[in-house]
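As a plain string of letters, each chain reads:
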Amino acid sequence: IANVSTVLRWVEELLNFWADEPADALRAGGLGVRDLKIVSTHLGVDESCTAFVAELAYLASLISFDGDDRILPSNKFDIWLMQTPADRWQVLASQWLITSRVSGLVGRAESKNVAALGPELDRVNASKVRALTLAILNENQGIAPELASFNEVIAWRAPVRRNSSLQEELASWTLREAEWLGITGQGAISKFGLEFLNGDDLSSINEDLPKTVDHILIQSDNTAIAPGPLEHEISQALAMMAEIESRGGATVYRFSESSIRRGLDHGHSGEEIRAFLNKVSKSAIPQPLEYLIGDVA
């Protein structure tokens, strides 16, 4: 459930970031290396994981390219955000399962020109290998496979005459991506993965996710702690006026001159920022933060 929660947060954070600072598409199509680095730093994950998250959003039609070749959230993003976590996750997982696009090719030594979101990511047998990989995991429930033996099983079940190395890579990428999605947990197929593959109701995701909280705790060092996943409106507003410093069970936000300025640039006055923080914080706003907001405003 931690992986399911994390992948939903990654997609949301990525698209909120591009809503504020759209990335520029390359002339040949796709996302440039520099923009990929910027957004992977923002998410706090490596570039292969960021490419995967961007592809998930693209496959679910949550990304659009405007007339100036900028990469932005599409109008479907707002609709997606209003859905339950189970529905949001199902959209991402079902598109991933059937696509012929392979985000693992991004950053691979032999394919230097392959860009995330670019046109060169299609591979004919990608969805077939993905389906077979999940079928083998389904047959061996409770077992986290070791990669070398797993590749032997794949080669036995689906022999290939040429380019077998790509099939092995596709299988290892599938195992990695299934873990990021929460279809597997620590390598073995998860409860949600089984429900997804069997076409069952996924409402258990909504029940198992930690309940959202509606408050933060502001501390004297210009940081705020959210003691759980924040309600959507509060996390959106807070992300506008503070930087995420660390993630996990509790999220730590830091207020700085540049983050308060960003909040002001989005049309909020210093008084509105102060009123919002007073409303959502269980602790009083410390004097240094009061002064910081006043000075920047």
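Owing to the predicted nature of the structure, the values given are computational and were not obtained by experimental measurement.

**Regarding the confidence of the model for the protein**
- For the protein, the average pLDDT comes to 92, and 98% of its residues sit at 70 or higher.
- Model confidence for the protein, summarised as mean pLDDT per element, is weakest for strand β8 (residues 243–246) at 88 and strongest for helix α5 (residues 85–98) at 97.

**Description of the packing of helix α1 (residues 2–20) against α5**
- Between α1 and α5, the shortest axis-to-axis distance is 10 Å and the interhelical angle comes to 75°. Our classification of the angle between α1 and α5 gives roughly perpendicular. Here α1 contributes V4, V7, L8, V11 and E12 to the contact with α5, which in turn contributes P85, R88, W89 and L92.
- Looking at the contact of α1 with α5, its residues break down into 7 nonpolar, no polar and 2 charged.

**Looking at the pairing of strand β7 (residues 223–226)**
- Across 2 bridges, the pairing between strand β6 (residues 217–218) and β7 is antiparallel. Paired with I218 across the bridge in β7 is A224.
- Linkage of β6 to β7, two consecutive antiparallel strands, is achieved through a turn of 4 residues, within which N222 is found at a positive phi near 65°.

**Some thoughts on the sheet that holds strand β3 (residues 70–73)**
- Taking strand neighbours across the sheet as the criterion, the 3 strands line up as β1-β3-β2 in an open arrangement whose pairing is antiparallel. For this open sheet the edge positions go to β1 (23–24) and β2 (63–65), each flanked by a neighbour on one side alone.
- Bridge count for β1 against β3 is 2 bridges, and the pairing is antiparallel. Bridging across to β3, D24 finds its partner in R70.

**Describing the layout of surface pockets**
- Of the volumes computed, that of the largest pocket is approximately 1,300 Å³.
- What lines the largest pocket is a set of 44 residues, and nearest its centre among them are R9, E12, E13, L230 and S235.
- Put simply, the parts of the chain that give the lining of the largest pocket at least two residues each are α1, α4 (76–82), α5, α11 (232–241), β8 and β9 (251–254).
- Take the lining of the largest pocket: its biggest share by element is 11 residues, from α1.
- For the lining of the largest pocket, a count of residues per class yields 18 nonpolar, 14 polar and 12 charged.

**A look at the sheet that holds β7**
- Reading across from one edge, β6-β7-β9-β8 is the order of the 4 strands in this open sheet, with antiparallel pairing throughout. Edge positions in the sheet fall to β6 and β8, since each of these pairs with one other strand and no more.
- By the bridge criterion, 3 bridges tie β8 to β9 in an arrangement that is antiparallel. Bridge pairing links S246 to V252 in β9.

Reading the values: the criteria
- Residues numbered from 1 in each chain as written.
- Predicted model: local features only at pLDDT ≥ 70, side-chain atom pairs only at ≥ 80, totals over all residues.
- Heavy atoms only, no water.
- pLDDT = per-residue confidence, 0-100.
- Helix = DSSP H or I, 4+ residues; strand = E, 2+ residues; numbered from the N terminus.
- Axes fitted to C-alpha atoms, helices over the stretch in contact; angles between N-to-C directions.
- Parallel < 35°, antiparallel > 145°, perpendicular 65-115°, else oblique.
- Contact = heavy atoms within 4.5 Å.
- Nonpolar A, V, L, I, M, F, W, Y, C, P; charged D, E, K, R; others polar.
- Pairing = 2+ DSSP bridges.
- 1 Å grid on protein atoms, 1.4 Å probe; cavity = no way out; pocket = protein on both sides within 12 Å on 5 of 7 lines; lining within 4 Å.
- Points joined across faces, edges and corners; volume = space filled by probe spheres on them.

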